[in-house]
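What follows is the residue order along each chain.
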Amino acid sequence: MNDSDKLRAIKAKTRTRLLFALVTLASYFAFVLNWVDGPSRALAGRLGGSHINGSLLFFVGLIIFFILLELLFLFIYRVTSGRGR
Amino acid sequence: MSALAKTAIVGIFTLLSVSLTGNLALAAGDLSGEVERQAVNPVAIVMFLVFVAATLGISYWASRRTHSSKDFYTAGGQITGLQNGTAIAGDFMSAASFLGITGLIFLGGFDGLVLALGAFSAWPLLLFLLAKRVRNLGSFTFVDVVSQRLERTRIRLVAIGGTIVVVILYLIAQMVGAGKLIQLLFGLPYEVAVIAVSILVLTYVTFGGMLATTWVQIIKAVLLMAGVTITAALVLYHSGFSIENLLAGAAANHPRGDVILSPGVLFQDPVQVTTILVSMLFGTLGLPHILMRLFTVPDMHEAKKSAFYASLFMGYFYLALIILGFGTAMLLYNDPAFFTSEGKLIGGNNMAAIHLATAVGGDLLTGFMSAVTFATILAVVAGLTVSGAAAISHDLYAEVICKGVPDSHRELQLTRLTTLVIGVIAVILGILFENENVAFIATMPMVVAASVNFPVLFLSLFWPGLTTRGAIWGALAGLVSSVGLIIVGPQVWVSVLGFEEPLFPYNYPALFTLPLALAVTWLFSVTDRSVRGEIDRDNYLRLLIRSEYGPEDEELAVARH
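Residues numbered from 1 in each chain as written. Chains lettered and ligands numbered in written order. Predicted model: local features only at pLDDT ≥ 70, side-chain atom pairs only at ≥ 80, totals over all residues. Heavy atoms only, no water.

**Student:** How do you make sense of the overall build of chain A when you look at a structure like this?
**Tutor:** Along chain A, the regular secondary structure elements total three helices and zero strands. Traced from its N-terminal end to its C-terminal end, chain A shows the element sequence α-α-α. Here the C-alpha atoms of chain A give a radius of gyration of 19 Å, more than 25% beyond the 12 Å that 2.2 N^0.38 yields for 85 residues. The dimensions of chain A, computed from C-alpha atoms along their principal axes, are 60 × 20 × 10 Å. Residues counted as buried form 42% of the 85 residues belonging to chain A. Put simply, 56% of the contacts in chain A that link residues at least 6 apart link residues at least 24 apart. Taken as a whole, chain A presents about 4,600 Å² of accessible surface, with 68% of it coming from carbon and sulfur. Each charge class in chain A was averaged separately, 11 positive and 4 negative side chains, and the resulting centres sit 5 Å apart. (Helix = DSSP H or I, 4+ residues; strand = E, 2+ residues; numbered from the N terminus. Rg over C-alpha atoms; globule rule 2.2 N^0.38 Å. Buried < 20%, exposed > 50% of the residue type's maximum accessible area, 1.4 Å probe, protein only. Contact = heavy atoms within 4.5 Å. Areas by Shrake-Rupley, 256 points an atom, 1.4 Å probe, with all protein chains shown as cover. Lys, Arg positive; Asp, Glu negative; His and termini not counted. Charge placed at Lys NZ, Arg CZ, Asp CG, Glu CD.)

**Student:** Is there a simple way to think about the overall build of chain B in this case?
**Tutor:** Helix and strand counts for chain B come out as 21 helices and zero strands. A burial count over chain B gives 66% of its 561 residues as buried. The long-range share in chain B, meaning contacts at least 24 apart out of those at least 6 apart in sequence, stands at 83%. Looking at chain B as shown, the accessible area adds up to about 17,300 Å², and 66% of this sits on carbon and sulfur atoms.

**Student:** What is the right way to read the nonpolar core from this model?
**Tutor:** Taken as a class, soluble globular proteins show a tendency for nonpolar side chains to be buried jointly. Residues Phe 98, Tyr 318 and Phe 326 of chain B are the most contacted members of the largest nonpolar core, which totals 195 residues. Once you skip the residues sitting within four places of it in the chain, Phe 326 of chain B turns out to touch Leu 56 of chain A together with Ile 105, Gly 109, Phe 110, Leu 246, Leu 247, Ala 250, Ile 260 and Leu 261 of chain B. (Core = buried A, V, L, I, M, F, W, Y, C linked by side-chain atoms within 4.5 Å.)

**Student:** In this structure, what is going on with the interface of chain B and chain A? I would like to understand it.
**Tutor:** Where interface size is quoted, it is often the accessible area lost as the parts come together. Contact with chain B, which involves 55 residues of that partner, is made by 44 residues of chain A. Summing both partners gives a buried area of about 4,500 Å² for chain B against chain A, and 74% of it is carried by carbon and sulfur. When residues of chain B are sorted by the area they lose upon contact with chain A, Leu 117, Phe 128 and Tyr 549 of chain B head the list and together hold 18% of the total. Where chain B packs against chain A, one counts two salt bridges. (Buried area = accessible area lost by both parts, 1.4 Å probe. Salt bridge = Lys/Arg side-chain N within 4 Å of Asp/Glu carboxyl O.)

**Student:** Which parts of the structure should I look at to understand the confidence of the model for chain B?
**Tutor:** In regions of low pLDDT, the predicted coordinates are not meant to be interpreted in detail. Residue and element names in this part refer to chain B. The predicted model of chain B averages 81 in pLDDT, with 88% of residues at 70 or higher. Here residues 1-39 is modelled with pLDDT under 50, and outside its nearest four sequence neighbours on either side it reaches 135 contacts, counting other chains as well. Low confidence marks residues 553-561, where pLDDT is under 50. Its contacts with residues over four positions away, or in another chain, come to 19 contacts. Here the predicted complex scores 0.85 on pTM and 0.92 on ipTM. (pLDDT = per-residue confidence, 0-100.)

**Student:** Honestly, helix α4 (residues 81-92) of chain B in this entry has me stumped. Any pointers?
**Tutor:** Since the α-helix turns once every 3.6 residues, residues separated by three or four places project in the same direction. Residues and elements named next belong to chain B. For α4, with twelve residues, the first-to-last C-alpha span of 16 Å sits near the 16 Å given by 1.5 Å per residue. Taken across its twelve residues, α4 has ten buried, putting it largely inside the fold. Within α4, burial applies to Gly 81, Asn 84, Gly 85, Thr 86, Ala 87, Ile 88, Ala 89, Gly 90, Asp 91 and Phe 92. (Expected span 1.5 Å × (residues − 1).)

**Student:** I would appreciate a short explanation of the packing of aromatic side chains in the present structure.
**Tutor:** Each aromatic ring pair is described using two quantities: the centre-to-centre distance and the angle formed by the ring planes. Tallied over the full model, the rule gives 26 aromatic pairs over all chains. Between Phe 317 of chain B and Tyr 318 of chain B, the ring centres sit 5.1 Å apart and the planes meet at 70°, which makes this aromatic pair edge-to-face. Taking the relative accessible area as the measure of exposure, Tyr 318 of chain B reaches 0% and is therefore buried. When the ring of Phe 454 of chain B is compared with that of Phe 458 of chain B, the centres are 5.6 Å apart and the planes differ by 20°; the resulting orientation is stacked. Pair noted here: Phe 454 of chain B and Phe 458 of chain B are both in helix α17 (residues 439-462), with a separation of four residues, about one helical turn. In this structure an aromatic cluster arises from ring pairing among Phe 31, Trp 35, Phe 58 and Phe 59 of chain A together with Phe 110 of chain B. In this structure, Lys 6 of chain A is placed above the aromatic ring of Tyr 549 of chain B, and the distance from its NZ or CZ to the ring centre is 5.3 Å. (Phe/Tyr/Trp six-rings, centres within 6.5 Å; stacked < 30°, edge-to-face > 60°. Lys NZ or Arg CZ within 6 Å of the ring centre and 35° of its normal.)

**Student:** Is there a simple way to think about the packing of α4 of chain B against helix α10 (residues 190-238) of chain B in this case?
**Tutor:** Packed helices, taken two at a time, are described by the angle their axes make and the gap between the axes. Residues and elements named next belong to chain B. Look at α4 against α10: their axes get within 7 Å of each other, and the N-to-C directions meet at 70°. Regarding the angle of α4 to α10, the classification is roughly perpendicular. Every residue of α10 that contacts α4 at Gln 83, Thr 86, Ala 87, Gly 90 and Asp 91 is listed here: Thr 214, Trp 215, Gln 217, Ile 218, Lys 220, Ala 221 and Val 222. (Axes fitted to C-alpha atoms, helices over the stretch in contact; angles between N-to-C directions. Parallel < 35°, antiparallel > 145°, perpendicular 65-115°, else oblique.)

**Student:** Help me out: how do you make sense of helix α11 (residues 243-253) of chain B in this one?
**Tutor:** Three or more residues of α11 of chain B are buried, namely Leu 246, Leu 247, Gly 249, Ala 250 and Ala 251 of chain B. At the N-terminal boundary of α11 of chain B, the capping side chain belongs to Ser 242 of chain B, with an oxygen 3.3 Å from the backbone nitrogen of Glu 244 of chain B. (Polar contact = N/O pair within 3.5 Å; in protein donor to acceptor, adjacent residues only side chain to side chain.)

**Student:** Hey, could you run me through the side chain of Thr 418 of chain B in this one?
**Tutor:** With respect to the helices and strands, the residue Thr 418 of chain B is situated in helix α16 (residues 408-432). Assessed through its relative accessible area of 7%, Thr 418 of chain B is described here as buried.

**Student:** When you look at the packing of α11 of chain B against helix α14 (residues 300-332) of chain B in this model, what are you seeing that I'm missing?
**Tutor:** All names here are of chain B. Taken N-terminus to C-terminus, the directions of α11 and α14 make an angle of 45°; their axes are 7 Å apart at the nearest point. In terms of axis orientation, α11 runs oblique to α14. In this structure, α11 meets α14 at a crossing whose hand is left-handed. Contact residues: Asn 245, Leu 246, Leu 247, Gly 249, Ala 250 and Asn 253 in α11; Ile 323, Phe 326, Gly 327, Ala 329 and Met 330 in α14. Its residues assigned to classes, the contact of α11 with α14 comprises seven nonpolar, four polar and no charged. (Left-handed = near helix turned anticlockwise from the far one by under 90°. Nonpolar A, V, L, I, M, F, W, Y, C, P; charged D, E, K, R; others polar.)

Here's what the structure looks like:
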């Protein structure tokens, strides 16, 4: 691959990187909604008669979501790395 | 409660100030004043000595494999992704995470999880944005990365300054905490305790370098995760292996009742929460001793795997802390044996995790967790020492003074000498700050790293318009603003200097200092019409290609032996 082809591939990869980063940041800072009037009341609602509420699920869900996002990123990287070089 | 448990609890109380994440500023208790010496207690000490013996053995093994500066700084680049991911997790799963976050959940329930999320979430970003490019561009430190594009001398001096500030601030807090713990466990005078800790760390860092440090971190990570797993399993056993029963029991026994299951007990201001999240996320991405770990693996593929494994282990750890945290509320509040006559938890709220180990696992588990907590401090001090030594011997001496062509033998000698000097400095500062409130010192590194190191690194990798002038002015703006706002904030202005009201309302000002650093960097870059500025912009494309595809040939590669 010459430099122009490499730069084109890099631009695509950079868009992917920034997209994943933006999704992570948006999800991460959405956690602040737990302390904002309105959303916090909704998130504090419990599931059925249990003590598990939306805020706790939000926390657990974020950690699991971020790990899955990383797996997806590594998968995409492995699939595209052969084509991109 | 046994004498052992009480000793361990009081001893580990001193760790309140050694938070890598600054979360101890939010929990009860400061490190100040004299600590009463306790009688020697066998269980924790035996476990501790076993760990010390093991780490010294590792140091001896590593010293036989450490012959060059590359071996010293990056373990020869032969650590696997899994090993490095475990070491990174070990570096970051600090005593403060285990004790501090659990203590916050014990105190205020759900709000304690803010710090857990903040500590965890940097790792996905490390994978997405930094791991590959940093690994491909640098050789030993993140300073190598930024100097690939910018004028190497000036930017190295600025980045070295940021690294040294972060390392020294961390070291003070770690040394004070470690000294207090040794003082309590062994009955040694504080000064002797600090010297003993420093000698121990210097022994395996000076001779074993990053290889010894990495394996100590790995062992510590495994021990800590094992301890947390055992404790969590025992807590679940007490709740009939039901999360519902655990939460119901916590709410029933906690003085605040059901409220602890929702946000709002410790934090009410969303801006305050945001400041914490910003500082921890971007501070982690700018920590020099964490970034340095990306160079211990042979290539960018293993660097990416490192980041993934680190987040996997830490994700598990922080999820387990939910069980531990609410377990403390379920099991401790109804047991007066863990409380003083005034109704306060013995040793402070940050001791809740150790009390929990006592409640579910007795003296054996308590002793184990005490030893692991101390091992945590040793491992972190080792990582910081390697990072600090690399900043002086590699970044300053080899790259700035010797213009990138040092005598290898002399560089390695200087590395070991620098390690000893850092150890001496750590001892002096640990003794000087013995009776000071070091909680504010523990806060500063994350904010400084977020405001100085991260902006320079990120913009070097992703913005074509960055120039040396912009990077330097932005870094200086970040450094001055972060240190200044911390000083006039609640922790220093009120708690240390004694004023009634802080001049700045937040403890973690990175929400304001990071954008300021970025804005100043942008302004001084776009207005830079110098020849050097043009070179910096022109360098971007070459750097970009190498960051994604790796060094093309020996002429471009920066690794040296």
